[in-house]
Each structure stands twice: as C-alpha cells, then as structure tokens.
Amino acid sequence: MNSEPRAAPPPGRPDPALPRWAAKPVRRLTAGELAEALAYLERHHPDDDVLGRALAGEFARRTAASEFAHRTTSTRPGPPHRP
C-alpha cells in the first residue's frame, strides 16, 4: 500500500475517489445528495461538527420548504365555480 499523499486532481476535475457531490457547494446539493453526504460524513468523519451542522441545516431547510410548498398547493382552494 502506498502511504504517500495523493496528488490533487487537475483544476476543474473532481477527485475520482470522492463521491460526485463532494465538489459541489452545499447550496447546490439536491436533497438526495444532502442525505447521502450526511450518511457519508457520519461513517467517515463523525467528528466534523461544522460540516455536519451545515449539511443538516440545509437538509432541514430544503425538506421544510418542500413540505410547505406541497401543503400549500394541496390545500389551496381552487378558483371559484361560476355557473
């Protein structure tokens, strides 16, 4: 096994050893990617509180916004009926 640090990938190209979402800013991650990132972080870096809070906060914000939008559209009355 090689114990030497790996060279960084060329600029603009993600590291193939990292998950596809790792190079994205948190605000650009989808809800699924946020959930995947939280699970990955818990398995590999459980002591990274700052990143964990950022991911969890964004995930909570997105899911709350999605739930609010869903409830608003499903409970909003339609246009008045005109005979």
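Residues numbered from 1 in each chain as written. Predicted model: local features only at pLDDT ≥ 70, side-chain atom pairs only at ≥ 80, totals over all residues. Heavy atoms only, no water.

Visitor: What should I look at first to understand the packing of aromatic side chains in this one?
Guide: Two measures describe an aromatic ring pair: the distance that separates the ring centres and the angle between the ring planes. Scanning all chains against the criterion turns up one aromatic pair. Measuring from centroid to centroid gives 5.5 Å for Trp21 and Tyr40, while their planes differ by 80°, and the two rings are edge-to-face. Separated by 19 residues along the polypeptide, Trp21 in the segment before helix 1 (31-44) and Tyr40 in helix 1 bring together distant segments of the chain. What makes Trp21 buried here is its relative accessible area of 9%. (Phe/Tyr/Trp six-rings, centres within 6.5 Å; stacked < 30°, edge-to-face > 60°. Helix = DSSP H or I, 4+ residues; strand = E, 2+ residues; numbered from the N terminus. Buried < 20%, exposed > 50% of the residue type's maximum accessible area, 1.4 Å probe, protein only.)

Visitor: Just checking my understanding: could you explain the side chain of Glu33 for this structure?
Guide: One can find Glu33 in helix 1. In this structure, Glu33 is in contact with Arg20, Trp21, Lys24 and Arg28, ignoring residues within four places of it in sequence. (Contact = heavy atoms within 4.5 Å.)

Visitor: What is the right way to look at the environment of Arg28 in this model?
Guide: With respect to the helices and strands, Arg28 occurs in the segment before helix 1. Relative accessible area serves as the criterion here: at 58%, Arg28 is assigned to the exposed category. Not counting chain neighbours up to four residues away, the residues in contact with Arg28 comprise Glu33 and Arg62.

Visitor: Please explain the layout of surface pockets as it appears in this structure.
Guide: Rolled over the atoms, a probe as big as a water molecule pinpoints where empty space is left. In this model, the largest pocket occupies a volume close to 160 Å³. Every residue along the wall of the largest pocket is listed here: Trp21, Ala22, Lys24, Val26, Leu29, Ala37, Tyr40, Leu41, His45, Asp48, Leu51 and Leu55. Elements supplying a minimum of two residues to the lining of the largest pocket: helix 1 and helix 2 (49-75). Here the lining of the largest pocket takes three residues from helix 1, the largest share from any one element. The class makeup of the residues in the lining of the largest pocket is nine nonpolar, one polar and two charged. (1 Å grid on protein atoms, 1.4 Å probe; cavity = no way out; pocket = protein on both sides within 12 Å on 5 of 7 lines; lining within 4 Å. Points joined across faces, edges and corners; volume = space filled by probe spheres on them. Nonpolar A, V, L, I, M, F, W, Y, C, P; charged D, E, K, R; others polar.)

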